[in-house]
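What follows is each chain in one-letter form.
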Amino acid sequence: MLCDECGKNKSTVHYTKILNGKKEEIHLCDECAKDYKQFDIDSSFSIHNFLTGLLDNMQEGPFKNVNYVHELKCNRCGLTYNQFRETGKFGCSECYKSFHDKLIPLLKRIHRHDSHIGKVPKRAGSKIRIKKEITKLKNKLEIAVKKEEYEKAAELRDKIKELKNQIDSD
Amino acid sequence: MSKWLEGKGKENDIVISSRIRLARNIENIKFPYLMNKDDSEEVINNIKKAIIESNTVLSRDFDFHRLNKISPLDRKVLAEKHLISHNLLETPEKSGFLLSKDEKVTIMINEEDHIRIQVLFPGLELYKSWELCSNIDDVLEENIKYAFDEKLGYLTCCPTNIGTGMRASVMLHLPCLVLTGQINKILQAVSQIGLTVRGIYGEGTDALGDLFQISNQTTLGETEEEIIDKLKNIVIQIIAKERSARDTLLTKKRTEIEDRVFRSWGILTNSRIIDSKEAMKLLSHVRMGIEMGIIKDIGLQVINKLMFSTQPATIQKYSGIDLDAKQRDIKRAKFIREKLKN
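Everything quoted here is computed from the prediction, not taken from an experiment.

## Remarks on the overall build of chain B
Okay, so step 1: Check the secondary structure of chain B and you find twelve helices and ten strands.
Okay, so step 2: The globule rule puts the C-alpha radius of gyration for 342 residues at 20 Å, and the 21 Å found for chain B is close to it.
Okay, so step 3: Across its three principal axes, chain B shows a C-alpha extent of roughly 65 × 45 × 35 Å.
Okay, so step 4: A separation threshold of at least 6 residues defines the contact pool for chain B, and within that pool the share at least 24 residues apart is 71%.

Written as structure tokens, this is what we have:
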């Protein structure tokens, strides 16, 4: 039996559909079967479809039908927000910054959290620890200045400077 | 064949394997699906160097392979053995992998992310797998600058992997929970507490041979240890449920179970044509028979290995010539008969 679609190759895929008692038979060759849309009913649903669904749900309120995110684009790789919506994939690590505001609610929906508390890479990690230390010292400095403890403030200022240099030299 | 299955792990009557996978990316390079040839070469070379030229024991442990230098059939065999992912097969021109000599560790290059480190152990060995995975991660990081964000953790191509970038999974053989029909309730409960269940060949596959893969669904907001603890805790409970289902079946339906096991054994040792689906189903019942002490003179490992080596590409490879589906089913039947005779 020849393929119903191309009429050239031998059919290898036989598909019987019974809908409301009406029977319909389709015979296809391998090639045409791959492109045959009706077979996609179950298989086309992937994690990325879910993501897109989540994103669409998030556009609620009066702006729902306004495509105001159209121009949002990653500065580095050029991926647009709409492209991300279609594939569920980012183009580069910078996308996380470029789409940050849209992303946080999405992450909360997927993971029920929005901050990482697990492993930190050793090299980048030391920088992060220093940054946290700097923030702490800056707070102390502010307090010292308020209390007019200038000697202590000078000490703290030097320490902050030193730590900042450490980060920059890396 | 399936070297990684060698060795005994904990709870190995029910747990086939434990797997930890870490997703990592390199700073300032586009993710694999958008990258050009130059970028992909750079990533491959950097990762290869970071391992092969590192001053650690790892340097001698790994062999590097470029996907386009391996025949399409061999690629499929590697995927059927779970050594590389099916995803990696889609971009042979851009991808490669490092495989450890004992086949327990694979570092995939330019899969969905630049780096995917995978550790596989037989039995319930999640912590051992995580430790090894994390060590390899540290070695890579000495020479590679990871895309990492203070707040969001490791940045991945798909936001479902962000944070730890870790997927921990355990493959379980649960024939008695399937027979008693309890499995659906359990799987439903599991999915309500942030874990997912899949068939053995990943997303969207059927539970072939009563094998189920349970893994963490979320990767952000918990530490790696917390994720592993939760998974392990649930797995131990499922193991207990499977054991109690086995006991119940043995006391209440002994003859029916024996009948099923010996029929399966009979078909596997006598059939002349068998497709992989039927083979998996029967192998599952024989495995169950061994675990329940009904079949005594054959080891679990023989069956475990058969479950992985009777998949289409592996049978094709074993026979050495091009086969159509029918010829493959004949070869498969012969292969199984030979393995079970010894």
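## Structural notes on the pattern of salt bridges
Okay, so step 1: All told, the structure shown has 27 salt bridges over all chains when counted by the stated rule.
Okay, so step 2: Between lysine 10 of chain B and glutamate 125 of chain B there is a salt bridge, with its nearest N and O atoms 3.7 Å apart. Residue lysine 10 of chain B is found in the segment before strand S1 (15-24), and its partner glutamate 125 of chain B is found in the loop between strand S5 (115-122) and helix H4 (126-143); the two are separated by 115 residues along the sequence.
Okay, so step 3: The exposure class assigned to lysine 10 of chain B is exposed, which follows from its relative accessible area of 53%.
Okay, so step 4: The exposure class of glutamate 125 of chain B is buried, given its relative accessible area of 11%.
Okay, so step 5: The partner of glutamate 291 of chain B in a salt bridge is arginine 246 of chain B, with the nearest N and O atoms 2.3 Å apart. Of this pair, glutamate 291 of chain B sits in helix H9 (residues 276-291) while arginine 246 of chain B sits in helix H7 (residues 224-252); the two residues are 45 residues apart in sequence, bridging distant segments of the chain.
Okay, so step 6: For arginine 246 of chain B, a relative accessible area of 6% gives the class buried.
Okay, so step 7: Among the charged side chains, a network of salt bridges with common partners joins Lys119 and Lys122 of chain A together with Arg24, Asp137 and Asp138 of chain B.

## Some points on the interface of chain A and chain B
Okay, so step 1: Across the boundary between the two partners, chain A contributes 36 residues, which contact 43 residues of chain B.
Okay, so step 2: For the pair chain A and chain B, the summed buried surface comes to about 3,400 Å²; carbon and sulfur atoms form 60% of the total.
Okay, so step 3: Counting every contact that joins chain A to chain B gives four salt bridges.
Okay, so step 4: In this structure, aspartate 138 of chain B engages lysine 122 of chain A in a salt bridge whose closest nitrogen and oxygen atoms are separated by 3.7 Å.
Okay, so step 5: Linking chain A with chain B are 15 residue pairs in polar contact (both at pLDDT 80 or more), by the criterion used here.
Okay, so step 6: Of all the secondary structure elements, the ones that give two or more residues to the side of chain A that touches chain B are helix H3 (47-58), helix H4 (81-87), helix H6 (100-111) and helix H7 (122-146) of chain A.

## Quick look at helix H11 (residues 312-319) of chain B
Residue and element names in this part refer to chain B.
Okay, so step 1: Within H11 the residues assigned to the buried category are Ala313, Thr314, Ile315, Gln316 and Ser319.
Okay, so step 2: The secondary structure elements touched by the buried residues of H11 are helix H3 (72-80), helix H10 (300-309) and helix H12 (325-341).
Okay, so step 3: Downstream of H11 by a residue or two, glycine 320 has a phi angle that is positive, lying close to 80 degrees.

## With respect to empty space enclosed by the protein
Residue and element names in this part refer to chain B.
Okay, so step 1: The full count for this structure, using the stated rule, is two cavities of 30 Å³ or more.
Okay, so step 2: Taken as a whole, the largest cavity holds about 60 Å³ of empty space.
Okay, so step 3: Contributing to the lining of the largest cavity are Leu5, Gly7, Asn12, Val15, Ile16, Pro122, Gly123, Gln301 and Asn304.
Okay, so step 4: Class assignment for the residues of the lining of the largest cavity results in four nonpolar, five polar and no charged.

## Quick word on the domain arrangement of chain B
Residues and elements named next belong to chain B.
Okay, so step 1: Domain assignment breaks chain B into domain 1 (3-243) and domain 2 (254-341).
Okay, so step 2: Of note, the centres of domain 1 and domain 2, computed from C-alpha atoms alone, are 27 Å apart.
Okay, so step 3: Taken together, the 25 residues of domain 1 in the interface contact 23 residues of domain 2.
Okay, so step 4: Together domain 1 and domain 2 conceal approximately 2,100 Å² of surface at their shared face, both sides included; 67% is due to carbon and sulfur atoms.
Okay, so step 5: In terms of surface lost to domain 2, no three residues of domain 1 exceed Leu5, Glu80 and Leu179, which account for 25% of the buried area on that side.
Okay, so step 6: Our enumeration of links across domain 1 and domain 2 arrives at one salt bridge.
Okay, so step 7: Applying the counting criterion to the domain 1 and domain 2 interface returns ten residue pairs in polar contact (both at pLDDT 80 or more).
Okay, so step 8: Counting only elements with at least two residues in the side of domain 1 that touches domain 2, the list comes to H3, strand S8 (166-173) and helix H5 (175-179).
Okay, so step 9: Among the residues forming the side of domain 1 that touches domain 2, the class breakdown is 13 nonpolar, five polar and seven charged.

The rules behind each value
Residues numbered from 1 in each chain as written. Chains lettered and ligands numbered in written order. Predicted model: local features only at pLDDT ≥ 70, side-chain atom pairs only at ≥ 80, totals over all residues. Heavy atoms only, no water. Helix = DSSP H or I, 4+ residues; strand = E, 2+ residues; numbered from the N terminus. Rg over C-alpha atoms; globule rule 2.2 N^0.38 Å. Contact = heavy atoms within 4.5 Å. Salt bridge = Lys/Arg side-chain N within 4 Å of Asp/Glu carboxyl O. Buried < 20%, exposed > 50% of the residue type's maximum accessible area, 1.4 Å probe, protein only. Buried area = accessible area lost by both parts, 1.4 Å probe. Polar contact = N/O pair within 3.5 Å; in protein donor to acceptor, adjacent residues only side chain to side chain. 1 Å grid on protein atoms, 1.4 Å probe; cavity = no way out; pocket = protein on both sides within 12 Å on 5 of 7 lines; lining within 4 Å. Points joined across faces, edges and corners; volume = space filled by probe spheres on them. Nonpolar A, V, L, I, M, F, W, Y, C, P; charged D, E, K, R; others polar. Domains from an automatic or database assignment.

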